[in-house]
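Now for the letters of each chain:
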Amino acid sequence: MVRIKRVYEKPAKKDGARVLVDRLWPRGMKKETARIDLWMKEVAPSDKLRESFCHDVEKWPAFQIKYEAELKEKANLLKELKRIERERGTLTLLFGAKDGEHNQAVVLAEALNKK
């Protein structure tokens with residue numbers, strides 16, 4: 001099972017493996033508080049894509065397409081995430097954005113669920 005969750009939300013046992021999928025560390029978040037198992041910043045959108053999107057909902061459809069294209073080049077990282085999901089039962093993709101519907105974790109979760 002793949003879940004997504006804002007890194008600022010309280011960790012829970014049902015989270016399973018907690019993987020941060022942001023390129024940048026979340027502002028104001030202490031590593032002890034985040035309780036992540038892995039920080040996989042390499043799977044996050046490129047700096048260029050992240051900066052062009054800038055969390056603008058109107059740019060969301062274009063962001064999704066471009067990020068999905070980037071993910072095709074990161075097949076080894078997707079395989080690693082699927083392995084973690086198989087081993088732990090639940091994989092929670094953590095993100096720092098305020099918008100829970102328009103962020104890279106949503107696109108990444110969809111890509112993982114298609115595999």
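A few points on the structure. (Residues numbered from 1 in each chain as written. Predicted model: local features only at pLDDT ≥ 70, side-chain atom pairs only at ≥ 80, totals over all residues. Heavy atoms only, no water.)

### Examining the packing of aromatic side chains
Phase 1 of the analysis: Tallying each qualifying case throughout the model produces five aromatic pairs.
Phase 2 of the analysis: Ring geometry for Phe 53 and Phe 63: centres 4.4 Å apart, planes at 20°, overall stacked. Here Phe 53, found in helix α2 (residues 47-53), pairs with Phe 63, found in helix α3 (residues 60-72); they are 10 residues apart in sequence, far enough to count as distant. Like Phe 63, Phe 53 is buried.
Phase 3 of the analysis: For the ring pair Phe 63 and Tyr 67, a centre distance of 5.7 Å and an interplane angle of 25° mean the geometry is stacked. With Phe 63 and Tyr 67 both in helix α3, this residue pair falls four residues apart, about one helical turn.
Phase 4 of the analysis: The buried category is assigned to Phe 63, whose relative accessible area is 4%.
Phase 5 of the analysis: Looking at Tyr 67, the relative accessible area reads 0%, which means it is buried.
Phase 6 of the analysis: One aromatic cluster is present, built from ring pairs that chain together Phe 53, Trp 60, Phe 63 and Tyr 67.
Phase 7 of the analysis: The ring of Trp 25 has Lys 31 sitting right over it, with the charged end atom 5.4 Å from the ring centre.
Phase 8 of the analysis: The aromatic ring of Trp 39 is capped on one face by Lys 41, whose charged end is 4.3 Å from the ring centroid. (Phe/Tyr/Trp six-rings, centres within 6.5 Å; stacked < 30°, edge-to-face > 60°. Helix = DSSP H or I, 4+ residues; strand = E, 2+ residues; numbered from the N terminus. Buried < 20%, exposed > 50% of the residue type's maximum accessible area, 1.4 Å probe, protein only. Lys NZ or Arg CZ within 6 Å of the ring centre and 35° of its normal.)

### Re the sheet that holds strand β2 (residues 17-20)
Phase 1 of the analysis: Taken in spatial order, the four strands line up as β1-β4-β2-β3 in an open sheet, and their pairing is parallel. Two strands bound the open sheet, and with one partner strand each, they are β1 (2-6) and β3 (38-39).
Phase 2 of the analysis: Pairing of β2 with β3, which is carried by two bridges, proceeds in the parallel orientation. Its bridge partner being in β3, Leu 20 is matched across the sheet by Trp 39. (Pairing = 2+ DSSP bridges.)

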